[in-house]
Each structure stands twice: as C-alpha cells, then as structure tokens.
Amino acid sequence: MGFGKGHHLHLIDGSAFIFRAYHALPPLTRKSDGLPVGAVSGFCNMLQRYVDGNTGSNAPTHVAVIFDKGSHTFRNEIYDQYKANRDAMPEDLRPQIPLTRRATEAFNIACEEMEGFEADDMIATLAVNARAAGGRCTIISSDKDLMQLVGDGVEMFDAMKNVTIDTEGVEAKFGVGPERVVDVQALAGDSVDNVPGAPGIGVKTAALLINEYGSLEELLDRAEEIKQPKRRQTLVEFADQIRLSKRLVQLDCETPLTFTLDDLEVRDPDPDKLMSFLAEMEFRTLTKRIADKLDVEAPAIAEPEPTAVDAPSMPDLKDAVYDAVGSAEDLQSWIDRIYARGWVAVDTETTSLNEMQADLVGISLCVEPGHACYIPLAHKAGGDDLFGSEERSEGQMDFDEALKLLKPVLEDPSVLKIGQNMKYDAKIFSHYDITVAPIDDTMLLSYALHAGLHNHSMDALSERYLGHTPIPIKSLLGTGKSAITFDRVPVDKAVPYAAEDADVTLRLWHLFKPLLHQKQVTTVYETLERPLVPVLAQMERNGIKVDRDTLSRMSNAFSQKMAALEDEIHELAGGSFNVGSPKQLGEILFDRLELPGGKKGKTGAYGTGADILEDLATEHEMPRRVLDWRQLSKLKSTYTDALQDHINQYTGRVHTSYSIAGANTGRLASTDPNLQNIPIRTEEGRRIREAFVADEGNLLVSLDYSQIELRILAHIADIPALKKAFKDGIDIHAMTASEMFDVALEDMTPDVRRKAKAINFGVIYGISGFGLARNLRIPREEAQGFIDRYFERFPGIRAYMDDTIAFAKEREYVQTLFGRKINTPEINAKGPHAGFARRAAINAPIQGTAADVIRRAMIRMPDAIKDLPAKMLLQVHDELIFEVPEDAVDETVKIVRDVMETASEPVVKLDVPLTVDAGQGKSWAEAH
DNA sequence: GACATCACG
DNA sequence: GACGTACGTGATGTCC
C-alpha cells in the first residue's frame, strides 16, 4: 500500500544537523590518523537522540534525511548574488560532509540529495506530496525558510529546543500565517541568504503591511496608497527587487524527485552496518552506548600505539563499583592503592556550598575509573520526623581517625591529588589542618583548554565529554525551603552520588591532561591557573573586616530618603504604584503621563533604563526622582543590607569566593558576595567603602595598575604615539584628544578629553559608530567621524583589529600575550551573533593579557611578602588590596609595587612601562 | 526562572 | 524606524 492516510513522514534537514554538530563540538579528530570527525560525531549523536525520541504517537512511518548538493541552483540563475555572502566552508568540515551521508545510511535511514537542488525545495516537494496523499509530515528543522510549509498536517520540530512549530508558532515569528510568510520574507529580505528585500523594511513592518493589504501583489499594486512617503517610495522604487526576492524565498514544490515517498519507509537498524561505521570512526563511547541499546556486542576499536600519558580505556560508568568505607582497615586498603598508583581523585561532601561555614560530611576517592569509594564521616541518623535526629548514623568510621589516616597522603608530595574545583576541597581540608598538595584540577584543565566553548562545571563536563549525566544533587537534597543538608542524606544514597563524582573527576582528568600538550596550553595551566588555587584560598580565608554599624546606619538613612522620594514620585504620578517595578513605571511615564520617547523592547515592556530616564530628566521632574530612588534602592539592597548578611559571625569579616574559571577572558569573578563591584563612581555610593576597614593597628593598602588595558593595546597593536605617551608619562586621554582634534595639550578642555577617553575605551571594546554615539550622546555620523579619524591617526589599531579577526576566523580562538586561548566558536557564524563575536574577539586578548599580568603578580605575592606581616585580601581586576600593620605599610607598598610592575617579566617584555598607583587608609574609601 | 536594571573594571 | 550594536562580570527585584 502506498503512502497515504495514517502515515507520518519525518524530514530531517541534514545541513542544519551538520552545522549545529560542527559548532557545538570541539574540533575532535580520529585518534589513529587525525581525520577531523567532530561534526560526524555530533551528527551521529543527534541522529541517535532523534531515534531514541521516536516513541508513541509521533513515531514516523516514513523518514529521510535531506541534504544539499552542489551550490548552483535555479536561484543563482535568477539572481547571481544569491547566498553570495556566505563564507567558505571551514577546512576541517569539508571532509566530514560525505561521512555524514554514510552515517545516515549506517543508521539505515533514507538519505536523499539531488545535484543542483536545495534541500529546502526537496523538503517542500515531499511535504506537499505527503499532504496531498492524506498523510502527516514533520520537518525536523528550525530554519525559518521552511516555515511557509507549515499547516494542514505539516509542522516543524526544533530538535535542539525540543519544541514543535505549528501555525501559531509561525505567526508568532512572522506576524502572519504560513501562507503569507513568503510575502513577508520577500519584503524583509534575508541577510543570511543575501536576499535583498526592500531596504529599510524588517519583519515587523513587512507583517504590518501584508496584514493591511492582504498580500504582496495587492500591496505592490496599491503601493501609491501608502501614507508614509518614505515607505511608499521604497515599495514603488524597489518593486522589481521585491518580486525577485519573493521568487528567491518561495520554495519549489515541484522538484522532479528521483524517488517516491514509499522509498522512505522506516527500516529497522542494521546493527552490523551501524557498528562497523561507528567503529571505523573510532567513536568509543557512542559505539558502546548504541551497542548496549541494540543489545549487540560492541566491536573492538584498536587503540593507536600508546603514548607516554595516554587515557586508559575506561569502563562504562554504568558498570562502576562504588564502595562505602566504614572502617580503618577499609580505608587503609584504599590508601595503599593510592600510593601504588601515585594519584587519586578526591571529592568532599559538606553541609554548605560556602566553604567558610561548611562542615565536612564525607570524602570520596577514586584511583581507577570505574572503582571509587565514599567515606561517610558525619551523617546523621534518619528519623521519622521532618528534622531527623541529631544522632550519628551507624557504620561510619571515626572522624578524627579517618583524617589522621588521610592527612599524610593528601600532603604527600609524591601523590597527585585530582579534584574538580580543588579550591573548595582544599579549603575544607584546611579547616582540619590538612594542606592538600600537589594538585590538579579538572575544572581548570577544562578552562585552559575550552574557555569560551562552555562552562566548566562537573555536570557540563561529564555530559559533554563522558556522555553521562551525574546523579543530580537535587535528587538527594531537594530544593527550596525544604532542602536538607548533606549530613541528612542517608549513607546508602550518599555513596553512589559521592563516589560517582570522584570517578567522573578522574575520567575527566584522563581525558584532559594529555590534551594540554596537544593544545599547547600546558604553560598557561601550570603558571596561570593551578598556582592561583592556594593563593585565592588564602585570600578568601583572610576576608576583609566590614563594620556592621556603619552599614546599618547608612541603611536607615537610605530608607528615610527613599520614603520621601517615593511620596514625591507618587504625587507626581498621580497615584501610588511600585517604583521598583519597571513595568508599572513604564506605563505611568509613557501611557498615563504620556512622556515622549517610550520605546517597547522585545518583551513588549517600555524601556526605563537609566539612560532613558536621564534623557527625560531634562524636561520632567519625576524621572530624576526615580533615578535617585533607584540609586538608593540599589545601594541599600545590594550593599548596606546584603553585605551585613555576609559578615561571618566568627571572624567579623566578609569572605568572598573567587571563581577562577568563570570569565572567559581570564579575569576572576567574585561571588557571595561580589566584592568586585562595590560602588565608587558616585559620592553617595563611594561611602559604602567606609565600612570596609582595617583591623586594629592596621591600614588597608590599595595598589592598582594605571591604564593597564590601554598600555597593553599600545604594545600589542604597536602604536608608536601611544607607546611614547606612556613612556613619557603623559595623560593618555589628553594626548589622544590632542592628536585627534588638533588641540594643544595646554589648551585641552575637559569635554574634549572626555570624548577622547570614550574613544580610547571604545577601541578596546571593538568600537562601532552606533555604540560611541550612544555613549557620548552625539549623532552617529559624528561618532563615525571620530572613529575614522582615530584610525587615521593610529593606523596600527585598524591593523590589529583586522589581524585579530582574521586569526579568530582561521583558528576559532584568540590568544593573550601569555598564550591563554579564548575560543571564539561564534566568529564564523552569520547573523547578529557575528557582531558580538567579533567585538569579543578584539577585546579578549587585551582584557585577557591584563588578567594574566595581575594573576602572575598574585601568584608571586605570597613569596614576595612572606617576611612582612601584610595580608593580601582582595583583587578587583586591576587592583590588589592588602591589610598591613601601620609600621610595615611603606615597605609593603615598595615590594608589592615592584612585583606588580614587573609581573609580565621575564616571559613578556612590554614596550610600555606598567605603573602602579598606591593608596592607604583606615578604610577602603581612604585607601583607593 | 526570565528579564530588567545597575554596581564594578 | 530600527537584524543589531562597546567588552567582561554578579546581585537584586519584579513578574509569570
């Protein structure tokens, strides 16, 4: 019986799968010969996931993967610029294309392509045929060009987002139904495919017009009736171009297919064929996983000749054996194993994520992948009541005895301790007088290797590199208010969770460690990441003294001022509302008071950001009051109130936590609380810093790099004028202004200097005329003129930007002067992503090099100040803060300044001096 | 949990 | 009238 009623056709957009697979994965190569196979691997994973998801009523009766073939189609005949702006296919993707065809066949799924026809047209023809025959059709794709096909039994499915796109979905996207999508696309054009459309008309406007006139033809026929003169002129003038665009976006439903729907009937997998293909590609994990699913033997994949440190073949995580250790004898046998091996993965379980108030609950160890243990030490016995009992649960060995046995191993210089985020575990152990060393950290390995590609949490890494989802902690602790602490988790539940973490960590280490050399980031890891762990741990333990009374007084003062402002605002608004709600405020300002300039964002709410209110404040009273209220509200909630909650009850100090692998560029990030964004720019906010004080008899000393990013830019981009100015110690912004605006340095006005300063920063951020215009509140043309002039005066800047972008496009990463790699996977993407990626790529080497410099200074600091009573407390990107007894301040400043100013050496000798400004005082307000 | 807003370098 | 727009972060409040 032929395809018809009751049948369901699935059409997979093959090119979209390939593209996503390629960009989602690191450039994986086949071990035996280096053939790039990352995209093939991702493609197979996606196909497998697709097959797994085909259950129940949505299961297809017919299925095919449709590919593009050849680049020349009828669209190029009618418009030679069609898709002309596409970049060439990346070199390492090209050889993978035929392999994805073979992969599809290996999965025993029909694989169709036709020379000279786009996949989209084949999909259109098949979908229309399926509908005509009375069947259903689901197109697995999120490509908007296919949305015109939706309706009447045809729908789309976005496999990445796991959402179905039906008629309503299309309407949400285009503002018109599927049957009018081509009309809207013809008007709006498409930068990705280089479809011209009508200049100045986007999807929104296009939908508006089509809805008003009913169809594109009608609209073009009656174009003269359009009220807006500009629009009318555009439509009349570009009518031919719009008609051409429609022919380009209209899919051809009459592709002369060389096969029929019946050829696409779903076939059972052929295990032999599939296994041999996967084995040929050397996809070890995937082969194993699919073999299990099909219940067949996984073929052996030959290991290439072993190198010095190579990952052992690791047993499946499902077969892992996890022991509970309950006695000294058990523990000793694990310790023996550790000494025999020379390394061990360690993980601690505690009562809190905050290391300062976390108590140790248990420890897990893993020496060989697939065999790990958990040593429960402080689990409480479960009770029937909600809170459980305070009694220690049975079967746990003595807490002190366990630590006494473990201390020698953890401190043994010949045994490597491997952890995921070791700073945390090291701090926990330090509470029990154990100094864990030497260490490796899988989070930092991943950061050195993969910054910019993904985050480096264990869950993310396990998912991505082991194809395994670890047991979620939430499944043990619950969430929200009813969440329990780990000591309340029954031991039998804790063992598989905790031991698995150590197992996963060790597996990741085996994978990542050999890659350091391959990717040439060993030095980065060993000199910029790993040594920072003990330094930051010490700083976090030090904490900084914060005076509660000062904060509390300020908090009260803020409350009163806010209440007064609130009354005035309500008065001006003509009624009470929540000033803290941007939504309500927007409606009051722009609907009720009908102030000008109301602009709704993508969520349909009015924007009420500071820049918008600032503009309104010149004409009206209320926006200024709201701005003042907002400032106080921010200061109170984020600083004077929240900071008090972070004062540790035992130390009286605030202990932040630095994340080493948070920011892609190499910068640190500070959390719980964030001490890198304490106010300073306004007088009122700056006073918060008065609450950060030195301990009795001490002073706070702050040393910060002056203009470090601009200096690095001058060096990297090799700009003689900038370099000279820094060497001569001239005010850099004034110098820039003088160069650009032909004003002598003596005659410099603050306003001209301000503009130059904005441009200098703009350059570091990957300047655009639009951005500078907005920042300086000047016309865009004027801003663009400034930029042009800047490039004219400092041609090296342009060259640096172009070179950096070219490098990034070629290698998909950029580098700092110290070899840190920041991956830029989006750099070759099309559409709005591309602009972001370009600017980030320009900024990353500059911001990243500055981050590397201060990291180097921090790593050298403990040794440099070891004979001084000074303590390093905080880092704020280009600033270090110390607490020093008064009589040692001068000596400390001298030594710290020297370490900071020479931090790049001897690896990098900068062409510009790095200079450091120093300040001191009882409080941070005085010191900075 | 998404979004808007705003604090810092 | 707008593809979209300065880089990198984290915390808070509202609203669904």
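How each quantity is defined
Residues numbered from 1 in each chain as written. Chains lettered and ligands numbered in written order. Predicted model: local features only at pLDDT ≥ 70, side-chain atom pairs only at ≥ 80, totals over all residues. Heavy atoms only, no water. Buried < 20%, exposed > 50% of the residue type's maximum accessible area, 1.4 Å probe, protein only. Helix = DSSP H or I, 4+ residues; strand = E, 2+ residues; numbered from the N terminus. Arc of directions from axis to C-beta. Near = heavy atom within 4 Å. Polar contact = N/O pair within 3.5 Å; in protein donor to acceptor, adjacent residues only side chain to side chain. Nonpolar A, V, L, I, M, F, W, Y, C, P; charged D, E, K, R; others polar. Phe/Tyr/Trp six-rings, centres within 6.5 Å; stacked < 30°, edge-to-face > 60°. Lys NZ or Arg CZ within 6 Å of the ring centre and 35° of its normal. Pairing = 2+ DSSP bridges. Contact = heavy atoms within 4.5 Å. Axes fitted to C-alpha atoms, helices over the stretch in contact; angles between N-to-C directions. Parallel < 35°, antiparallel > 145°, perpendicular 65-115°, else oblique. Left-handed = near helix turned anticlockwise from the far one by under 90°. Right-handed = clockwise from strand over helix to strand, strands pointing away. Core = buried A, V, L, I, M, F, W, Y, C linked by side-chain atoms within 4.5 Å.

Asks: In this structure, what is going on with helix H1 (residues 14-24)? I would like to understand it.
Replies: Residue pairs three or four apart in sequence face the same way in an α-helix, which turns once every 3.6 residues. Along H1, the residues classified as buried are Gly14, Phe17, Ile18, Ala21 and Tyr22. Taken around the axis of H1, the buried residues stretch over an arc of 125 degrees, which confines them to a single face.

Asks: How do you make sense of the protein's contact with DNA strand C when you look at a structure like this?
Replies: Near DNA strand C, the surroundings consist of 37 residues, among which Thr205, Ser581, Gly762, Arg774 and Arg839 are the closest. The sugar-phosphate portion of DNA strand C accounts for 65% of its atoms within 4 Å of the protein, the bases making up the rest. At 2.3 Å from a phosphate oxygen of DNA strand C is found a side-chain nitrogen or oxygen belonging to serine 581. Elements with a minimum of two residues in the surface near DNA strand C: helix H24 (582-592), helix H26 (622-645), strand S16 (669-671), helix H31 (750-764), helix H32 (769-776) and helix H35 (832-864). Class assignment for the residues of the surface near DNA strand C results in 10 nonpolar, 19 polar and eight charged.

Asks: What's the story with the packing of aromatic side chains in this structure? I'm lost.
Replies: Between two aromatic rings, the relevant description is the distance of the centres plus the angle of the planes. Considering all chains together, one arrives at 14 aromatic pairs under this definition. Here the aromatic rings of tyrosine 465 and phenylalanine 512 are separated by 5.1 Å at their centres, their planes lie at 85 degrees, and the arrangement is edge-to-face. In this pair, tyrosine 465 sits in helix H18 (residues 458-466) while phenylalanine 512 sits in helix H20 (residues 491-518), placing the two residues 47 residues apart along the sequence. Looking at tyrosine 465, the relative accessible area reads 19%, which means it is buried. Following the ring pairs from residue to residue traces out a cluster consisting of Phe17, Phe43 and Phe67. Positioned above the aromatic ring of tyrosine 606 is the side chain of lysine 600, whose terminal nitrogen or guanidinium carbon lies 4.9 Å from the ring centre. One cation-aromatic arrangement involves arginine 839 over phenylalanine 836; the distance from NZ or CZ to the ring centre is 5.2 Å.

Asks: Hey, could you run me through the sheet that holds strand S14 (residues 653-654) in this one?
Replies: Hydrogen bonds along the backbone pair up the strands of a sheet, which may run parallel or antiparallel. Taken in spatial order, the three strands of this open sheet run S14-S13-S17, and their pairing is antiparallel. In this open sheet, the two edge strands, each paired with only one partner strand, are S14 and strand S17 (692-693). Looking at chain direction, strand S13 (residues 544-546) and S17 are connected through two bridges and run antiparallel. Opposite valine 546, over in S17, you have phenylalanine 692 as the bridge partner.

Asks: What exactly am I supposed to notice about helix H12 (residues 271-281) here?
Replies: Where H12 is concerned, the buried positions are Leu274, Met275, Phe277, Leu278, Ala279 and Met281. If you follow the buried residues of H12, they end up packed against helix H2 (38-53), helix H4 (97-106) and helix H13 (284-294). Positive phi appears at glutamate 282, one or two residues downstream of H12, with a value of about 65 degrees.

Asks: Would you take a moment to explain the protein's contact with DNA strand B for this structure?
Replies: In the region of DNA strand B, 21 residues are neighbours, and Thr608, Ala610, Lys634, Ile680 and Arg681 sit closest. Atoms of DNA strand B within 4 Å of the protein belong to the sugar or the phosphate in 78% of instances, the rest to bases. For DNA strand B, a phosphate oxygen lies 2.7 Å from a polar atom in the backbone of alanine 610. One nitrogen or oxygen atom from the side chain of glutamine 847 is found 3.5 Å from a base nitrogen belonging to DNA strand B. The element that contributes the greatest number of residues to the surface near DNA strand B is H26, accounting for four residues.

Asks: Quick question: what am I supposed to make of unusual backbone geometry here?
Replies: Most peptide bonds take the trans form, and the phi angle of most residues other than glycine is negative. Put simply, alanine 437 and proline 438 share a cis peptide bond, and its omega is -10 degrees. Among the structural elements, proline 438 can be located in the loop between helix H16 (422-431) and strand S12 (439-441). Cis peptide bonds are those with omega within 30 degrees of zero, and the linkage from glutamate 905 to proline 906 qualifies with 0 degrees. Here proline 906 is to be found in the loop between helix H36 (889-901) and strand S23 (916-921). A positive phi angle is found at histidine 877, which is not glycine, with a value near 70 degrees.

Asks: When you look at the side chain of glutamine 148 in this model, what are you seeing that I'm missing?
Replies: By the element assignment, glutamine 148 lies in the loop between strand S4 (136-140) and strand S5 (154-158). On the basis of relative accessibility, which here comes to 14%, the residue glutamine 148 falls in the buried class. There is a polar contact of 3.2 Å between the side chain of glutamine 148 and the backbone oxygen of aspartate 145. Within the structure, the side chain of glutamine 148 is placed 3.1 Å from the backbone nitrogen of leucine 251, a separation counted as a polar contact. Here glutamine 148 is in contact with Pro178, Val181, Val182, Gln185, Val249, Gln250 and Leu251, once residues within four sequence places are set aside.

Asks: I tried to follow the packing of H2 against H13 on my own but got confused; where do I start?
Replies: Helix-helix packing is characterised by the crossing angle of the two axes and by the distance between the axes. Packing of H2 against H13 leaves a shortest axis separation of 11 Å and a crossing angle of 20 degrees. On the basis of the axis angle, H2 is roughly parallel to H13. Seen along the crossing, H2 lies across H13 with a hand that is left-handed. Contacts from Cys44, Asn45, Gln48 and Asp52 of H2 reach H13 at Leu286, Arg289, Ile290 and Lys293. When the residues that make up the contact of H2 with H13 are grouped by side-chain class, the tally is three nonpolar, two polar and three charged.

Asks: Even after reading the chapter, I still don't get the pairing of strand S11 (residues 416-419), so can you show me in this structure?
Replies: Consecutive residues of a regular strand have side chains that alternate between opposite faces of the sheet. Going residue by residue along S11, you find Leu416 and Ile418 tucked away on one face and Lys417 and Gly419 tucked away on the opposite face as well. One ladder, built from three bridges, connects strand S8 (residues 343-350) with S11; its direction is parallel. The residue bridging valine 344 from the neighbouring strand is lysine 417, located in S11. Where S11 and S12 come together, three bridges link them in parallel fashion. Within the sheet, the bridge partner assigned to lysine 417 lies in S12 and is isoleucine 439. For the handedness criterion, the β-α-β arrangement of S11, H16 and S12 is classed as right-handed.

Asks: Just to check I follow, could you spell out the nonpolar core for this structure?
Replies: Considering soluble globular proteins, one finds that nonpolar side chains tend to be buried as a cluster. In this structure, Ile363, Leu365, Ile375, Tyr705, Ile797, Met858 and Phe882 are the most contacted members of the largest nonpolar core, which totals 182 residues. The dominant element in this core, judged by the number of residues it contributes, is H35, at 11 residues. When neighbours within four sequence positions are excluded, tyrosine 705 is seen to be in contact with Val853, Ile854, Ala857, Asp878, Met900, Glu901, Ala903, Leu914, Thr915 and Val916. Of all hydrophobic cores here, the second largest spans 50 residues; its members include Val150, Val154, Leu187 and Leu209.

Asks: When you look at the sheet that holds S12 in this model, what are you seeing that I'm missing?
Replies: Pairing in this open sheet of six strands is mixed, and the strands run S7-S10-S9-S8-S11-S12 from one edge to the other. Taken across any chain shown, the strands that pair with only one partner, and hence form the sheet edges, are strand S7 (321-324) and S12. Neighbour-to-neighbour, the strand axes of this sheet turn through a mean angle of 25 degrees, independent of strand direction. Of the pairings in the sheet, the one linking S8 to strand S9 (residues 360-368) comprises six bridges and is antiparallel in character. The residue of S9 that forms the bridge with glutamate 349 is glycine 362.

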